[in-house]
Amino acid sequence: MNRYAALPPLPDRLNRLNELATDLWWSWHKDARTVFRRLDYALWRSTAHNPVRMLWTVTHERLEAAAGDDTFVRLYDRAVAELDDARSARRTWWSGRLPQLSGQTIAYFSAEFALHQSLPIYAGGLGVLAGDHCKESGDLGVPLIGVGFMYPQGYFHQHVSAEGWQEESYERLNWADAPIEHALTPEGKPCVTAVPLGDRTVLVAVWRVRLGRVTLYLLDTDLEENAPWDRELSARLYGGDRETRAQQEIVLGIGGVRALKALGYEPGVFHLNEGHAAFVVLQRIRDLIERGASFDAALAEIRASTVFTTHTPVPAGHDAFPFSMVEKHLAGCWGTLGVDRERFLALGAYDNGAGAQFNMTALALRSAGSVNAVSRLHGEVTR
């Protein structure tokens with residue numbers, strides 16, 4: 001099995017079971033979860049509640065028996081109808097309250113998303129909040145599009161040695177068991193975008209995760225066309241040194257905006273969940289200047305359409321890089337923005353007492369028209 005494989009055939013009466021399994025909408029809706037629990041409860045438990053893995057291993061006899069069980073079929077039909085209703089978003093809070101914005105989309109950028117253990121691309125609170133935002137947006141009908149990374153090694157598993165030291169291990173994701181699929185361009189081709197990085201170009205593939213009304217797009221640099229060290233950029237969540245982190249965040253911000261454009265989206269709002277995604281601002285400024293805007297006009301438009309959520313008042317929680325490092329890796333990203341390069345770099349300048357560096361949180365704060373924290377108390381401490 002590999003990332004390109006197809007699941008085994010299903011009985012005609014249950015021909016949308018695969019579709020239900022690969023849309024993570026099931027993970028927070030009771031009827032859909034019950035479908036897989038009743039299909040084969042022992043298998044549901046042994047696969048850690050992963051219906052995609054279940055469908056690889058469930059027996060043909062069990063599927064045929066379920067297809068002939070009137071009670072199971074009624075439950076299945078109800079779950080599929082609820083999924084269709086969720087995707088259509090016809091009777092939702094958003095459609096009822098804001099029908100005039102039905103054609104708008106909101107791009108939500110985050111370094112991690114916690115949706116379900118079958119897609120281990122999260123480490124903690126940042127991902128949990130991002131995942132909950134996606135799920136709640138789906139239920140409310142909010143036209144959210146998530147953008148993050150497809151980490152094939154995820155975040156590390158922690159063990160404590162007999163001597164009391166932390167030991168880290170990474171477990172490579174089995175692509176066939178993950179609820180992902182190729183993201184396709186309007187022309188029906190797998191989406192691959194190019195990101196300038198230093199003196200080279202890195203190709204980035206895009207994967208799609210379905211969440212009912214919401215779609216999540218995940219960036220992946222593990223392509224044969226890339227150099228071995230560039231293939232590793234998207235391998236692990238928060239892995240590597242500061243150099244790796246800076247390059248990852250350029251791929252997330254610059255590559256994420258380019259991927260959405262290639263997929264045919266023109267978001268009305270960009271939400272940056274923590275400073276990791278703040279390079280979104282650079283690509284958007286560059287795009288606007290190429291259309292004829294001045295730097296000031298571009299920055300004003302971006303501030304009017306950017307929301308930033310900060311997550312920690314602790315200095316260690318804010319990514320900051322030497323200016324030389326940022327300029328080195330952004331060498332190919334300036335385009336027609338080159339004459340305003342210093343003005344952009346000044347947006348991220350911050351001195352916490354140890355000398356000025358390029359601070360991703362400072363960049364986001366100065367580029368967003370709306371800023372919030374994760375709680376009222378956190379907002380007070382952060383201020």
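Residues numbered from 1 in each chain as written. Predicted model: local features only at pLDDT ≥ 70, side-chain atom pairs only at ≥ 80, totals over all residues. Heavy atoms only, no water.

Notes on the overall build of the protein
Here is step 1: Of regular secondary structure, the protein possesses 16 helices and 14 strands.
Here is step 2: Relative to its length of 383 residues, the protein is compact, with a C-alpha radius of gyration of 22 Å against a globular reference of 21 Å.
Here is step 3: For the C-alpha atoms alone, the extent of the protein along its principal axes is close to 70 × 60 × 45 Å.
Here is step 4: In the protein, which comprises 383 residues, the share counted as buried stands at 51%.
Here is step 5: As presented, the protein carries roughly 17600 Å² of accessible surface, and 50% of it is formed by carbon and sulfur atoms.
Here is step 6: With 39 positive and 46 negative side-chain charges, the protein shows a separation of 5 Å between the mean positions of the two kinds. (Helix = DSSP H or I, 4+ residues; strand = E, 2+ residues; numbered from the N terminus. Rg over C-alpha atoms; globule rule 2.2 N^0.38 Å. Buried < 20%, exposed > 50% of the residue type's maximum accessible area, 1.4 Å probe, protein only. Areas by Shrake-Rupley, 256 points an atom, 1.4 Å probe, with all protein chains shown as cover. Lys, Arg positive; Asp, Glu negative; His and termini not counted. Charge placed at Lys NZ, Arg CZ, Asp CG, Glu CD.)

Quick word on the side chain of Thr-92
Here is step 1: For Thr-92, the position within the fold is in the loop between helix H6 (70-88) and helix H7 (93-97).
Here is step 2: In this structure, Thr-92 is in contact with Asp-139, Leu-140 and Gly-141, ignoring residues within four places of it in sequence. (Contact = heavy atoms within 4.5 Å.)

Points about the pattern of salt bridges
Opposite charge on two side chains permits pairing when their charged atoms draw close.
Here is step 1: As enumerated under the stated definition, the model contains 18 salt bridges in all.
Here is step 2: Between Glu-243 and Lys-328 there is a salt bridge, with its nearest N and O atoms 3.1 Å apart. Taken together, the positions of Glu-243 in helix H10 (residues 242-262) and Lys-328 in helix H13 (residues 323-329) put the pair 85 residues apart, joining distant regions of the chain.
Here is step 3: Relative accessible area serves as the criterion here: at 24%, Glu-243 is assigned to the partly exposed category.
Here is step 4: In this structure, Asp-319 and Arg-245 form a salt bridge, with 2.9 Å as the shortest nitrogen-oxygen distance. Highlighted residues: Asp-319 in the loop between strand S10 (306-309) and strand S11 (320-321) and Arg-245 in helix H10, separated in sequence by 74 residues.
Here is step 5: Residue class for Asp-319 comes out buried when judged on its relative accessible area of 13%.
Here is step 6: Residues joined by salt bridges that share partners form a network here, namely Arg-16, Glu-19, Asp-23, Asp-84 and Arg-87. (Salt bridge = Lys/Arg side-chain N within 4 Å of Asp/Glu carboxyl O.)

Examining a positive patch on the surface
Here is step 1: Together, Lys-30, Arg-33, Arg-37 and Arg-45 make up a region of like positive charge exposed at the surface.
Here is step 2: At three residues, helix H2 (residues 30-39) tops the list of elements feeding residues into the positive patch.
Here is step 3: In this fold, Arg-45 is placed in helix H3 (residues 41-46). (Patch = residues over 30% accessible without salt bridge, like charges linked within 9 Å, V, L, I, M, F, W, Y side chains within 5 Å.)

Let's talk about the sheet that holds S11
Here is step 1: The strand order across the open sheet built from three strands is S11-S13-S12, with neighbouring strands paired in antiparallel fashion. The sheet is open, and its two edges are formed by S11 and strand S12 (349-351), each paired on a single side.
Here is step 2: Two elements, S11 and strand S13 (residues 356-359), share two bridges in a ladder whose sense is antiparallel. Bridge pairing in S13 links Ala-320 to Asn-359.
Here is step 3: Along the sheet, helix H15 (residues 360-367) makes contact with S11, S12 and S13, crossing S13 at roughly 65°. (Pairing = 2+ DSSP bridges. Axes fitted to C-alpha atoms, helices over the stretch in contact; angles between N-to-C directions.)

Things to note about the packing of aromatic side chains
Here is step 1: Per the stated rule, a full pass over the model turns up twelve aromatic pairs.
Here is step 2: Relative to Trp-44, the ring of Trp-26 has its centre 5.8 Å away and its plane inclined at 70°; by these criteria the two rings are edge-to-face. You can see Trp-26 sitting in the loop between helix H1 (17-21) and H2 and its partner Trp-44 sitting in helix H3, a full 18 residues away along the chain. Accessibility classification places Trp-26 together with Trp-44 in one group, the buried group. (Phe/Tyr/Trp six-rings, centres within 6.5 Å; stacked < 30°, edge-to-face > 60°.)

Let's talk about the pairing of strand S9 (residues 269-273)
Here is step 1: Within S9, four of the five residues are buried, which leaves the element mostly enclosed by the surrounding structure.
Here is step 2: The pairing of strand S1 (residues 106-110) with S9 spans five bridges and is parallel. Of the residues in S9, the one forming a bridge with Ile-106 is Val-269.
Here is step 3: Inspection of the sheet shows S9 paired to S10 by four bridges, in the parallel sense. Bridge pairing in S10 links Asn-273 to Thr-309.

Considering unusual backbone geometry
Here is step 1: For Ala-89, which is not a glycine, the phi torsion comes out positive at approximately 55°.
Here is step 2: Relative to the assigned elements, Ala-89 resides in the loop between H6 and H7.
Here is step 3: In this structure, Glu-274 is a non-glycine residue whose phi angle is positive, near 80°.
Here is step 4: By secondary structure assignment, the location of Glu-274 is in the loop between S9 and helix H11 (280-290).

Re H10
Here is step 1: In this model H10 runs 29 Å from its N-terminal to its C-terminal C-alpha over 21 residues, within 8% of the 30 Å that 1.5 Å per residue would give.
Here is step 2: At Gly-255, H10 shows its largest kink, close to 30°.
Here is step 3: Among the 21 residues of H10, 15 are classified as buried, and the element is accordingly described as predominantly covered.
Here is step 4: The opening residue of H10, the one whose side-chain oxygen lies 3.2 Å from the backbone nitrogen of Glu-243, is Asp-241.
Here is step 5: Within two residues after H10, Gly-264 carries a phi angle of roughly 95°, on the positive side. (Expected span 1.5 Å × (residues − 1). Bend = angle between axes of the 7 residues up to and from the residue. Polar contact = N/O pair within 3.5 Å; in protein donor to acceptor, adjacent residues only side chain to side chain.)

Regarding the packing of H2 against H6
Here is step 1: Orientation of H2 relative to H6, taken along the N-to-C sense of each, is 145°, at an axis distance of 8 Å. When you trace H2 past H6, the crossing you get is left-handed. Contacts between H2 and H6 involve Asp-31, Ala-32, Thr-34, Val-35, Arg-38 and Leu-39 from the former and Thr-71, Phe-72, Leu-75, Tyr-76, Arg-78, Ala-79 and Glu-82 from the latter.
Here is step 2: Within the contact of H2 with H6, the residues separate by chemical class into seven nonpolar, two polar and four charged. (Left-handed = near helix turned anticlockwise from the far one by under 90°. Nonpolar A, V, L, I, M, F, W, Y, C, P; charged D, E, K, R; others polar.)

Some words on the nonpolar core
Here is step 1: Phe-109, Leu-119, Phe-279, Ile-285 and Phe-344 are the most contacted members of the largest nonpolar core, which has 113 residues in total.
Here is step 2: Considering every element that reaches this core, the biggest residue donor is H10, with eight residues.
Here is step 3: Discounting residues that sit within four places of it in the chain, Ile-285 has contacts with Phe-295, Ala-298, Leu-299, Ile-302, Leu-337 and Phe-344. (Core = buried A, V, L, I, M, F, W, Y, C linked by side-chain atoms within 4.5 Å.)

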